[in-house]
Amino acid sequence: MKCLQLIIGPAGSGKSTFCSVMFNHFQSLRRPLEIVNLDPAAETFNYTPSVDIRDLISVDDVLEDEDIIMGPNGGLVFCMEYISQNMEWIRDQLTDGDDAYVIVDCPGQIELYSHLPIMKEIVTTFKSWDYNVCTLFMIDAHFVLEPEKLIAGALTALSSMVSLETSAVNVLTKMDQLSRENRKEVEDMLESDCSQLVDGVNDEPWNEKHAALTRAIATVLDDYSMFRMVALDNTDEESIEDLLLMIDTTIQYGEDAEVHDRIPEEVDPEEE
Ligand SMILES: Nc1nc2c(ncn2[C@@H]2O[C@H](COP(=O)(O)OP(=O)(O)OP(=O)(O)O)[C@@H](O)[C@H]2O)c(=O)[nH]1
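Described in the following lines is the structure provided in the data block. (Residues numbered from 1 in each chain as written. Predicted model: local features only at pLDDT ≥ 70, side-chain atom pairs only at ≥ 80, totals over all residues.)

### Digging into the packing of helix α3 (residues 72–85) against helix α6 (residues 118–128)
Turning to step 1, where the next piece is worked out: In the contact formed by α3 and α6, the axes pass within 9 Å of each other and the chain directions differ by 25 degrees. It follows that α3 is roughly parallel to α6 by the angle criterion. Pair α3 / α6 crosses with left-handed handedness. Contact with α3, carried on its side by M80, E81, I83 and S84, involves I118, E121 and I122 of α6 and no other residues of that element.
Turning to step 2, where the next piece is worked out: Here the contact of α3 with α6 is built from residues that sort into four nonpolar, one polar and two charged. (Axes fitted to C-alpha atoms, helices over the stretch in contact; angles between N-to-C directions. Helix = DSSP H or I, 4+ residues; strand = E, 2+ residues; numbered from the N terminus. Parallel < 35°, antiparallel > 145°, perpendicular 65-115°, else oblique. Left-handed = near helix turned anticlockwise from the far one by under 90°. Contact = placed C-beta atoms within 7 Å. Nonpolar A, V, L, I, M, F, W, Y, C, P; charged D, E, K, R; others polar.)

Structure, rendered in structure tokens:
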């Protein structure tokens, strides 16, 4: 089965770091993996890509071109449109075998997923080559410690999910940076449902309608088992393996896949 992880999420959420963690993990298992850098504005990353889109087109190329007058955001959209029209360039560099496992490191600009058709077109092309696509939406774990931020992050992830129409897993990154107390909060959050979480939102009379809207959104998230959220500790091999298993299950069973939320036990340095 050909698998493809599409790594998306806001700037700085940990997409490239996640790809380098996967690169090292697959290497340690001697398991073949191809990583595609699909970000034409990428500066540096710590993995060796099998395909680097900057060899085809980069935002710098576009900004330096005197015939194209665009700012950085327009330049990125221009590049992504060019890529979506030249997908064969990517395919020519992939092994494209029956067991190919590909990870695609994407740009962070949310408009590419929420209301422009470009990423959907790119995904459709990968699907037409028989790749089973799972979108991984990276969310910085620091941003889900407050109900309002959780809802904001979830809505952004949801809009990408709805527009891309693939299996999806939302990954909480940077777990290793959280204090013990905050890790526990995230753990509780993953174990409870969203409606319970937003019970604490401010519902002073002046804010009553906003609180009601927040609760309604939380109910929607709870009602759709398609909305999966998992915490990943990059420093823990078991956590990485659990996520890979979840991705495989999600690809195979889609909406019916069982969710295995898991936060690795923190090791007490004194017990080591
Ligand atoms: N400690 C820790 N740092 C992380 C983790 N993930 C990302 N970071 C750090 O967060 C910063 C941003 O990470 P990136 O992987 O570059 O984020 P990105 O989403 O690829 O960012 P853009 O390319 O700008 O869209 C870097 O300084 C990373 O080292 C993590 O799991 N743990």
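And the narrative resumes.
### Structural notes on the pairing of strand β1 (residues 3–8)
Turning to step 1, where the next piece is worked out: Of all six residues in β1, five are buried; the element is thus mostly enclosed.
Turning to step 2, where the next piece is worked out: Sheet analysis places β1 next to strand β4 (residues 101–105), joined by five bridges and oriented parallel. Among the inter-strand pairings, L4 is bridged to a residue of β4, identified as V102.
Turning to step 3, where the next piece is worked out: In this structure, β1 lies alongside strand β5 (residues 132–140), joined through six bridges in parallel fashion. Paired with L4 across the bridge in β5 is V133. (Buried ≥ 20, exposed ≤ 12 C-beta atoms within 10 Å, placed from the backbone. Pairing = 2+ DSSP bridges.)

### Some remarks on the nonpolar core
Turning to step 1, where the next piece is worked out: Counting 69 residues, the largest nonpolar core has L6, I7, V104, V171, L172 and V230 as its most contacted members.
Turning to step 2, where the next piece is worked out: Here this core takes seven residues from helix α7 (residues 147–164), the largest share from any one element.
Turning to step 3, where the next piece is worked out: What V171 contacts, discounting residues up to four positions off in sequence, is L136, F137, M138, I139, V230, L232 and L243. (Core = buried A, V, L, I, M, F, W, Y, C linked by C-beta atoms within 7 Å.)

### Re α7
Turning to step 1, where the next piece is worked out: Spanning 18 residues, α7 covers 26 Å between terminal C-alpha atoms, matching the ideal 26 Å at 1.5 Å per step.
Turning to step 2, where the next piece is worked out: Along α7, the residues classified as buried are P147, L150, I151, G153, A154, A157, L158, S160, M161 and L164.
Turning to step 3, where the next piece is worked out: Taken from the residues just after α7, E165 is the one with a positive phi, measuring 55 degrees. (Expected span 1.5 Å × (residues − 1).)

### Observations regarding the sheet that holds strand β7 (residues 229–231)
Turning to step 1, where the next piece is worked out: Read from one edge to the other, the open sheet built from seven strands follows the order β3-β2-β4-β1-β5-β6-β7, with strand pairing classed as parallel. With one partner strand each, in any of the chains shown, β3 (51–52) and β7 form the two edges of the open sheet.
Turning to step 2, where the next piece is worked out: Of the pairings in the sheet, the one linking strand β2 (residues 34–37) to β4 comprises four bridges and is parallel in character. Paired with I35 across the two strands is I103, which belongs to β4.
Turning to step 3, where the next piece is worked out: Here helix α1 (residues 15–28) sits on the sheet in contact with β1, β2, β4, β5 and β6 (167–173), set at roughly 155 degrees to β4.
Turning to step 4, where the next piece is worked out: Contacting β1, β5 and β6, α7 runs over the sheet at an angle of about 165 degrees to β5.

### Considerations on the pairing of β2
Turning to step 1, where the next piece is worked out: Of the two faces of β2, the one lined by E34 and V36 and the one lined by I35 and N37 are each fully buried.
Turning to step 2, where the next piece is worked out: By the bridge criterion, two bridges tie β2 to β3 in an arrangement that is parallel. Its bridge partner lying in β3, V36 is registered against V51.

### Comments concerning helix α11 (residues 237–253)
Turning to step 1, where the next piece is worked out: The first and last C-alpha atoms of α11 sit 24 Å apart over 17 residues, in line with the 24 Å expected at 1.5 Å per residue.
Turning to step 2, where the next piece is worked out: Taken together, the buried positions of α11 are I240, D242, L243, M246, I247, T250 and I251.
Turning to step 3, where the next piece is worked out: Where α11 is buried, its residues touch β1, α1, β5, β6 and β7.

### A few points about the packing of α7 against helix α10 (residues 208–223)
The angle between the axes and the distance between the axes are what describe a pair of packed helices.
Turning to step 1, where the next piece is worked out: Packing of α7 against α10 leaves a shortest axis separation of 11 Å and a crossing angle of 50 degrees. Considered as vectors, α7 and α10 are oriented oblique to each other. Of the two elements, α7 crosses α10, and the hand of that crossing is left-handed. Along the contact surface, α7 presents I151, A154 and L155, while α10 presents T214, I217, A218 and L221.
Turning to step 2, where the next piece is worked out: Here the residues of the contact of α7 with α10 sort into six nonpolar, one polar and no charged.

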